[in-house]
Structure formats: structure tokens, C-alpha cells
Amino acid sequence: MTVLLFTFLVGITATLAGLLGAMTGLGGGVVLVPALVLLFKVDIKYAIGASLVCVIATSSGAAAAYVREGYSNMRIGMLLEIATTLGALVGAFLATRVSTHAIAIVFGLVLLQAAYQSLFGKNPELGPPVQSDTLANKLRLHGTYPVGGKPQEYGVRNVPMGFGMMFGAGALSGLLGIGSGVVKVIAMDRAMKIPFKVSTTTSNFMIGVTAAASAGVYLGRGYLDPGLGLPVVLGVLGGAFLGSKLLVRAKVRTLRLIFGGVILLLAAEMIFNGITGRV
């Protein structure tokens, strides 16, 4: 394979990863890392380094559009990012002291439950918008997002539970070296009763902050290859902008099906890697 063909194919793959990451709030690394390793035979460390760049690009490309359109809730994102960062520090500390194999299997089982809820569970947005509880009101976490061209108000509930789940998301990220976008979306959507589109767009904003810190470590160790990073960034930015346009028009049920399908595959991969000792 020539360098030009390799760059072109990586760029196409990155565009698809950015599209999926922007629409689901998971970050494009879920698709990009396996694709680079399995299809293009890239070393896993360089693939993860490119994935971090991919996540930052997805967050930067999509978050700007989502903030402009009125979907992302910056106040919620900044609050919950505190829990994720603290969890990541704890997870990194425990990484050498806890068996990650069992954790990966348990995490995979949790994702299976989340996939079932997303694919077959009751859509909480079919009923009237929830009213914010006392703590959410004090923190002014409620907001509005566009529905049919008109602002729709929404409330926020169970902030401590969501904060705890975000801490767990960060800990899993530090322990297993994975992105925690899936747990972030689940925490906001299911626990805190935030509308799905607001959850995915706010997750897109948050994952860039987490990935930026990790990218610095990989840069220092020499695992960010400019020849690989360039087509990844360009492709992901294009896919992220396209995904942000599609999400605005997409039905929530369609987004839930895409989200459920992706985390179902991620759950299978996590359980398999846990059983075979690859994490």
C-alpha cells in the first residue's frame, strides 16, 4: 500500500469515526482504534495516540456547532468534568494494584444492560419534561434546547447520582485506558433525566477536556505520529461537522438505536478482552 493510498483510506475511516462520535457523544476513538489496528496494522500505542487526537478533534469540531445551536449545557459539562477528572486520577493510581481483567468483564456486562435499555427501554422523553430537584435548581443546571425550531425547557434531577457515575466513568478510563463517553451519556440521560440530544452534545464537549490531558502524556512519549495524525484530524473534523448537522435533524429514536448498537459492540469487545487478558 502506497503512502498516498494509506493516507486517503485513513482519512475516510476517520471521517466515519468523527461522524459516529459526534452523533452519539462517544468520541470517534471507539471506531478508530480497532480500525487502525486491525485494518491498517498500526501499533496499538500509536493508534491510541491518534485516537486521542481524534477525540479532541471530534469535541472541538462538534462542540462549537452544538453550543451555537443551543444543545450543549456548558454548566452541566463543567460540573461533571470535575468528577470525571478526579475519577481518572484515582483510576490511574489503582491501575497497577487492581486486576483490570475482571473490571473489564463487569464493565462489559454493565454496557450490555445499557445497550438493552437504549434499544428496548422506555423513552423517557415521551412524557412531559421533568422538573429540576432542589440541588439542580440551586446549581442552575436546567436549560432549553431546540425542538421543532422552538426552545424546549428541561429539568435536571439526581445530581449526586450523576456525579458519582461520572467519577466511576473517570476511574474506568484511568484503569482500562478507554474513553468514558458511553458512561457520561448514560449518566446524563438515564440518571439525571437530561434529554438525549443534550446528553450526547454535552458529552462531546466533555470528552475533549479529558482527552487533552491524556494526549500530553502520549506526546511526551513520542506516540503521536504527524503522518498518522494529519489525516485523522482532517477526517474527524469533517465527520464531526457533518454529524452535528445530522444530529439536529435526526429523530431521538434513531440516535438511540445507533448509540445502543455501538455500545453493544463495545460491550462484546470489552468482555472478550477481559476474558482473554488483553486489558
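Structural data are supplied above this passage.
Notes on the structure follow. In this convention, every chain numbers its residues from 1, walking through the sequence in written order. Since the coordinates come from a predicted model, pLDDT governs what is reported: local features require at least 70, and pairs of side-chain atoms require 80 or more to be given and counted, while whole-chain, interface and lining totals use all residues. With hydrogens and water set aside, each side-chain value is computed from the structure's full complement of heavy atoms.

Structural notes on the pattern of salt bridges
Stage number 1. One speaks of a salt bridge when a side-chain nitrogen belonging to Lys or Arg is within 4 Å of a carboxyl oxygen belonging to Asp or Glu. In this structure the tally under the stated criterion is 2 salt bridges.
Stage number 2. When the shortest N-O distance is used, the salt bridge between Asp189 and Arg190 registers 3.5 Å.
Stage number 3. Between Arg256 and Asp189 there is a salt bridge; the shortest N-O distance is 3.0 Å. With Arg256 in helix α11 (residues 252–276) and Asp189 in helix α8 (residues 181–191), this pair connects stretches of sequence that are 67 residues apart. The pair Arg256 / Asp189 is uniform in exposure class, with both members buried.
Stage number 4. Through salt bridges with shared partners, a single network forms among Asp189, Arg190 and Arg256. Only runs of H or I of at least four residues qualify as helices and only runs of E of at least two qualify as strands under DSSP, and these elements are numbered from the N terminus. We call a residue buried when its accessible area falls under 20% of the maximum for its residue type, exposed when it is over 50%, and partly exposed in between, using a 1.4 Å probe and counting protein chains only.

Remarks on the pairing of strand β2 (residues 150–154)
Stage number 1. Where strand β1 (residues 143–147) meets β2, 5 bridges bridge the pair, whose relative direction is antiparallel. Each residue of the ladder has a partner; that of Pro146, found in β2, is Pro151.
Stage number 2. Taken together, β1 and the strand that follows it, β2, pair antiparallel across an intervening segment of 2 residues, in which Gly148 is found at a positive phi of about 65°. Strands qualify as paired when DSSP identifies two bridges or more between them.

Remarks on the side chain of Asn204
Stage number 1. Secondary-structure assignment places Asn204 in helix α9 (residues 196–220).
Stage number 2. Contacts are assigned to residue pairs that have any heavy atoms within 4.5 Å of one another. Discounting chain neighbours no more than four positions away, the residues touching Asn204 are Gly21, Ala22, Gly25, Thr58, Ser59, Ala62 and Tyr66.

Notes on the packing of helix α1 (residues 3–24) against helix α2 (residues 29–38)
Stage number 1. Here α1 crosses α2 at 155°, and the two axes come no closer than 8 Å. As the angle between them shows, α1 and α2 are arranged roughly antiparallel. In the crossing of α1 with α2, the sense of the turn from one axis to the other is right-handed. Touching Val10, Thr13, Ala14, Ala17 and Leu20 of α1 are Val31, Leu32, Ala35 and Leu36, all from α2. Structural elements are reduced to axes, namely lines fitted to C-alpha atoms, with helices fitted over the stretch in contact, and the angle between N-to-C directions of any two is expressed from 0 to 180 degrees. Angles below 35 degrees are treated as roughly parallel, those above 145 as roughly antiparallel, those between 65 and 115 as roughly perpendicular, and all remaining angles as oblique. Less than a right angle of anticlockwise turn of the near helix away from the far helix marks a crossing as left-handed, whereas a clockwise turn marks it as right-handed.

A word on the packing of aromatic side chains
Stage number 1. Only the six-membered ring of Trp is used, alongside the rings of Phe and Tyr, when aromatic pairs are assigned; centres must lie within 6.5 Å, and planes under 30 degrees apart are stacked while those over 60 apart are edge-to-face, with the rest tilted. One pass over the structure, following the stated rule, counts 5 aromatic pairs.
Stage number 2. An angle of 55° between the planes, with centres 6.4 Å apart, marks the rings of Tyr71 and Tyr145 as tilted. Of this pair, Tyr71 sits in the loop between α3 (44–69) and α4 (74–94) while Tyr145 is found in strand β1, placing the two residues 74 residues apart along the sequence. For the pair Tyr71 and Tyr145, a shared accessibility class is recorded, and that class is buried.
Stage number 3. Between Phe196 and Phe259, the aromatic rings sit 5.6 Å apart at their centres with planes inclined by 80°, giving edge-to-face as the arrangement. Here Phe259 lies in helix α11 and Phe196 lies in helix α9, a separation of 63 residues in the sequence. Neither residue differs from the other here; Phe196 and Phe259 are each classed as buried.
Stage number 4. Through a chain of ring-to-ring contacts, the aromatic side chains of Tyr71, Tyr145 and Tyr154 assemble into a single cluster.

Considering α1
An α-helix turns once every 3.6 residues. As a result, residues three or four positions apart point the same way.
Stage number 1. Between the first and last residue of a helix there are one fewer steps than residues, each counted as 1.5 Å, and that sum is the expected span. Taking 1.5 Å per residue as the helical rise, α1 with its 22 residues ought to reach 32 Å, and the 31 Å between its terminal C-alpha atoms agrees with that figure.
Stage number 2. The set of residues buried in α1 consists of Val10, Gly11, Thr13, Ala14, Ala17, Gly18, Gly21, Ala22, Met23 and Thr24.
Stage number 3. Looking one or two residues past α1, Gly25 carries a phi angle of roughly 80°, positive in sign.

Scope: geometric values only; no functional claims are made or implied.
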